[in-house]
Amino acid sequence: MAELTNPVQQTWELDSIFAGGSSSADFEAFLQQLQKDIAAMHQELQQLGAPGSLEEAAGLDRLIAGLQSAAGRIGEASSFVACLTAENQHDKKAVQLSSKVTTLRAAYENAMTLFQNVLRNTDDELWELWMSREEVAPISFVLSEKRAAAREKLAPELESLASDLAIDGYHGWGQHYDTIVSKVAVPFEDEDGRQMSLSVGQAANKLGDNSREVREETFKNWEEAWGEVADYCADTLNRLAGFRIKLYEKRGWNDILKEPLDINRMSKATLDMMWQVIEENKPVFVAYLNRKAKLMGLEQLSWSDVDAPLGESADKISYEAAAEEIVKQFRNFSPKLADFSAEAFNKRWIEAEDRPGKRPGGFCTSLPVSGQTRIFMTFGGTVSNVSTLAHELGHAYHQYLMDELPQFNQDYAMNVAETASTFAEMIVADALVNNAADDKQKLSLLADKISSSVSFFMNIHARFLFETRFYERRKQGELSAGELSALMEEAQREAYHGALASYHPHFWASKLHFYITDVPFYNFPYTFGYMFSTGLYARAQHEGQSFAAKYDALLQDTGRMTVEELASKHLGVDLTQPDFWREAMAPAVADVKAFLELTE
């Protein structure tokens, strides 16, 4: 049984991956070798036609192994650079390395395009024989997926051209957004009246402060700060969307959701059913927002009140106490999850220190070659921070379970990735509520738990509505910063059923997720993961620790089947029908009803 070391460090360790940070000679050599290997594979693939016999198909095993190795190494490089740029936004060398890795990824995608063309042109009968071979059968789902995708894209040379142009075009604009964010400063006055300038990461923590005065003042300054760079953000968002729309048009894709749904291995029917069940239940969450406003002495909540803490749970929690509580509660569900998490703390895989210069938000990134993960966040001592820490550890555990699988089978989509993280978050949130000292503390903890539901069902729905409508309008031309803000506020009003007194018009500018080029529509998968995990969590509560092994098996399958197949195999449910979604919604509704009863 792994135990936490004392004290628990708040800064991560990166030298075991590549010593020397952005000046690492080892990393430079790693990139050079990767570049050579990709170039060699590309050259070989250019000369390669579709196999004409099973013997020729079997001869491609070495090439498949090389592509999987390169994919893992690109993941390693990308994660290492992401850590460097996140821990210090002013590290110019890290930004340059990020550009190098993007170039390498594009070169790999070009090689993969040629490989997929080989798959596309393989005879159907030969294909079935090939996929049944013992050597490739474990990755046959992914290979079949790549073959089907190739048949829906442009000719290989055109896809390679698009990938090359995306380096300084599409991905370049995404990196430009990071530069914009690094220049944003939010003015703040502390308790002693001292004026200071906060990074967006630090200011974001202040938006969750226990003091309404601090929250409101910070939010006003936050909106103004993003308003000052809104034109730059609008340029960036318009260019990103324009690139994608034009590429889709050339491929003959009319639905802007085609790619994100394909990436997440889910159907439109499943997505629509999920939103339908959420919409059915929104009045319950509006009742919660109204009751919370009443408790705070307000007619309606403002945007900065929605996630505001209530009562005693707002007391600061030390990082050490958070680590101990998380490991303790994880152990009640799965000793394996608890031991892994203790090791993550002990090995300093987590960067949580509250200091200037860090990028906002939190993430977990995997390092396939090292067999490690790294977690990034800024810990400010709130209950929300504890939830974020548990959430990211859930991601890390998911990857840990995948490490033993072929690299192609480790490529699981965002929606199922969010399942493990949200499940871990629920374990801790439920424990905090159940172990509350009194009704007052229970109420504040319930409110924090329900705020997650509000975020997934309302905030993220607003993002989805905004992005869907933005892309449709972008087909007709660029939108100004003012038009984007209006579109954002309209989506928020609709998603929250008009329950708030004020909204966040510049949310489209301040939210990194709209600018991530690797994952289009970085929103609905969060909600899917949340609801899928609530369904899993209900079963875990019913079955106890015996469910842990089933849970691990489900997570290990997330990279080699659709979500509909995953749910059918491990849960025996149909995601295109409302039954599972209503079952998954029940715990969140029960939380609201408990809150309303406690506050009668």
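Asks: Which parts of the structure should I look at to understand the overall build of the protein chain?
Replies: Within the protein chain, the secondary structure is distributed over 24 helices and 5 strands. Relative to a compact globule of 600 residues, whose C-alpha radius of gyration would be 25 Å, the protein chain shows 24 Å and is just as compact. At a minimum sequence separation of 6, the contacts of the protein chain that also span at least 24 residues come to 77%. Carbon and sulfur atoms make up 48% of the accessible area of the protein chain, which amounts to about 24500 Å² in all. Side-chain charges in the protein chain split into 57 positive and 89 negative, and the spacing between the mean points of these groups amounts to 2 Å.

Asks: Explain the side chain of Thr517 here, please?
Replies: Here Thr517 lies in the loop between helix H20 (507–510) and helix H21 (524–543). The contacts of Thr517, once residues within four sequence positions are left out, are Tyr170, His171, Gly174 and Leu240.

Asks: Could you clarify how one ought to interpret a nonpolar patch on the surface in this entry?
Replies: Where nonpolar side chains cluster on the molecular surface, the patch consists of Leu158, Leu161 and Leu165 and spans about 280 Å² of accessible area. Among the structural elements, Leu165 can be located in helix H7 (residues 156–168). In this structure Leu165 comes out as exposed when scored by relative accessible area, which is 53%.

Asks: Would you mind going over the packing of helix H13 (residues 268–295) against helix H18 (residues 439–474) with me for this structure?
Replies: When two helices pack together, their arrangement is captured by the angle between the axes and the distance separating the axes. Look at H13 against H18: their axes get within 9 Å of each other, and the N-to-C directions meet at 135°. Comparing their axes, H18 and H13 come out oblique. With respect to the hand of their crossing, H13 and H18 are arranged in left-handed fashion. Contact residues: Leu271, Trp275, Ile278, Glu279, Lys282, Phe285, Val286, Tyr288, Leu289 and Leu295 in H13; Leu443, Ala447, Ile450, Ser453, Val454, Phe456, Phe457, Met458, Ile460, His461 and Phe464 in H18. Split by residue class, the contact of H13 with H18 holds 17 nonpolar, 2 polar and 2 charged.

Asks: Please clarify how the pattern of salt bridges should be interpreted in this entry.
Replies: Any two side chains of opposite charge can pair, given that their charged atoms come close. In the structure shown here, the tally under the stated rule is 40 salt bridges. Linking Glu152 and Lys258 is a salt bridge whose minimum nitrogen-to-oxygen distance equals 2.8 Å. Pair noted here: Glu152 is in the loop between helix H6 (140–150) and H7 and Lys258 is in helix H12 (residues 258–263), with a separation of 106 residues, a long-range link. Note that Lys246 is salt-bridged to Glu249, the shortest N-O span being 3.4 Å. One end of the pair, Lys246, and the other, Glu249, are both in helix H11 (residues 230–251), 3 residues apart, so they sit about a helical turn from each other. Given the relative accessible area of 43%, Lys246 is considered partly exposed. On the basis of relative accessibility, which here comes to 46%, the residue Glu249 falls in the partly exposed class. One network of salt bridges, with partners in common, ties together Arg212, Arg215, Glu216 and Asp305.

Asks: What's the story with the nonpolar core in this structure? I'm lost.
Replies: As a rule of thumb, nonpolar side chains are buried together in soluble globular proteins. Trp226, Leu289, Phe330, Phe466, Tyr496 and Trp508 are the most contacted members of the largest nonpolar core, which has 152 residues in total. Ranked by residue count, the leading element in this core is H18, at 16 residues. For Phe466, the residues in contact, after removing those within four places along its chain, are Leu237, Leu484, Leu487, Met488, Ala491, Trp508 and Phe514. Membership of the second largest hydrophobic core comes to 46 residues, among which are Leu14, Ile74, Ala94 and Phe408.

Asks: Teacher, can you tell me more about the side chain of Asn415 here?
Replies: On the secondary structure map, Asn415 appears in helix H17 (residues 414–434). Residue Asn415 is classed as buried on the basis of its relative accessible area, which comes to 0%. Within the local environment of Asn415, its side chain forms a polar contact with the backbone oxygen of Asn264, the two atoms lying 2.9 Å apart. Apart from the residues lying within four places of it in its own chain, the contact partners of Asn415 are Asn264, Met266, Pro525, Phe528, Gly529 and Val563.

Asks: It is not clear to me how the packing of helix H10 (residues 212–228) against H11 should be interpreted in this structure. Could you clarify?
Replies: Taken N-terminus to C-terminus, the directions of H10 and H11 make an angle of 60°; their axes are 4 Å apart at the nearest point. The pairing of H10 with H11 is recorded here as oblique in orientation. Touching Trp226, Gly227 and Glu228 of H10 are Ala230, Tyr232 and Cys233, all from H11. Of the residues that constitute the contact of H10 with H11, the class distribution is 4 nonpolar, 1 polar and 1 charged.

Asks: What is the right way to look at the sheet that holds strand S5 (residues 372–376) in this model?
Replies: The strands making up a sheet associate through hydrogen bonds between their backbones, and the pairing can be parallel or antiparallel. Read across the open sheet, the 3 strands follow the order S3-S5-S4; overall the sheet is mixed. Each having just a single partner strand, strand S3 (350–351) and strand S4 (363–367) make up the two edges of the open sheet. Note that S3 and S5 share 2 bridges and pair parallel. The residue bridging Glu351 from the neighbouring strand is Phe376, located in S5.

Asks: Just to check I follow, could you spell out helix H24 (residues 578–598) for this structure?
Replies: Residue pairs spaced three or four apart in an α-helix point in one direction, given the helix's 3.6 residues per turn. Helix length check: H24, at 21 residues, gives a terminal C-alpha distance of 30 Å against a target of 30 Å (1.5 Å per residue), a fit within 8%. For H24, the full list of buried residues reads Pro578, Phe580, Trp581, Ala584, Met585, Ala588, Val589, Asp591, Val592, Phe595 and Leu596. Packing partners of the buried residues in H24 comprise H13, H18, H21 and helix H23 (563–571).

Asks: Teacher, can you tell me more about the confidence of the model for the protein chain here?
Replies: Fine structural detail should not be taken from predicted coordinates in areas where pLDDT scores are low. In the predicted model, the protein chain carries a mean pLDDT of 93, and the fraction of residues at 70 or more is 99%. Mean pLDDT across the elements of the protein chain bottoms out in helix H9 (residues 200–206) (86) and peaks in helix H19 (residues 481–495) (98).

Asks: What exactly am I supposed to notice about unusual backbone geometry here?
Replies: Glycine aside, negative phi is the norm for most residues, and most peptide bonds take the trans geometry. In this structure, the amide linkage connecting Asn6 to the following residue, Pro7, adopts the cis form with an omega of 0°. With respect to the helices and strands, Pro7 occurs in the segment before helix H1 (25–46). For Arg348, which is not a glycine, the phi torsion comes out positive at approximately 60°. You can see Arg348 is positioned in the loop between helix H15 (335–346) and S3. The partly exposed category is assigned to Arg348, whose relative accessible area is 29%.

Asks: Honestly, the pairing of strand S1 (residues 186–189) in this entry has me stumped. Any pointers?
Replies: The two faces of the sheet receive side chains in turn, since in a regular strand these alternate between them. Of the two faces of S1, only one is covered, namely that formed by Val186 and Phe188; the face formed by Pro187 and Glu189 stays uncovered. Direction of pairing for S1 relative to strand S2 (residues 195–198): antiparallel, over a ladder of 4 bridges. Within the sheet, the bridge partner assigned to Val186 lies in S2 and is Leu198. Taken together, S1 and the strand that follows it, S2, pair antiparallel across an intervening segment of 5 residues, in which Gly193 is found at a positive phi of about 80°.

Asks: Looking at this model, I keep getting lost on the environment of Lys593. Mind explaining?
Replies: Examined against the element boundaries, Lys593 turns out to sit in helix H24. For Lys593, a relative accessible area of 49% puts it in the partly exposed group. Taking C-alpha positions, Lys593 is 9.5 Å from Ala287, a pair spaced 306 residues apart along the chain.

Asks: I'm lost on the environment of Asp411 in this one. Help?
Replies: Residue placement: Asp411 occurs in the loop between helix H16 (383–402) and H17. Here Asp411 falls in the exposed class, since its relative accessible area comes to 52%. The sequence separation of Asp411 and Cys233 amounts to 178 residues, and the corresponding C-alpha distance is 30 Å. Discounting chain neighbours no more than four positions away, the residues touching Asp411 are Arg265 and Gly559.

The rules behind these values
- Residues numbered from 1 in each chain as written.
- Predicted model: local features only at pLDDT ≥ 70, side-chain atom pairs only at ≥ 80, totals over all residues.
- Heavy atoms only, no water.
- Helix = DSSP H or I, 4+ residues; strand = E, 2+ residues; numbered from the N terminus.
- Rg over C-alpha atoms; globule rule 2.2 N^0.38 Å.
- Contact = heavy atoms within 4.5 Å.
- Areas by Shrake-Rupley, 256 points an atom, 1.4 Å probe, with all protein chains shown as cover.
- Lys, Arg positive; Asp, Glu negative; His and termini not counted.
- Charge placed at Lys NZ, Arg CZ, Asp CG, Glu CD.
- Patch = residues over 30% accessible without salt bridge, like charges linked within 9 Å, V, L, I, M, F, W, Y side chains within 5 Å.
- Salt bridge = Lys/Arg side-chain N within 4 Å of Asp/Glu carboxyl O.
- Buried < 20%, exposed > 50% of the residue type's maximum accessible area, 1.4 Å probe, protein only.
- Axes fitted to C-alpha atoms, helices over the stretch in contact; angles between N-to-C directions.
- Parallel < 35°, antiparallel > 145°, perpendicular 65-115°, else oblique.
- Left-handed = near helix turned anticlockwise from the far one by under 90°.
- Nonpolar A, V, L, I, M, F, W, Y, C, P; charged D, E, K, R; others polar.
- Core = buried A, V, L, I, M, F, W, Y, C linked by side-chain atoms within 4.5 Å.
- Polar contact = N/O pair within 3.5 Å; in protein donor to acceptor, adjacent residues only side chain to side chain.
- Pairing = 2+ DSSP bridges.
- Expected span 1.5 Å × (residues − 1).
- pLDDT = per-residue confidence, 0-100.

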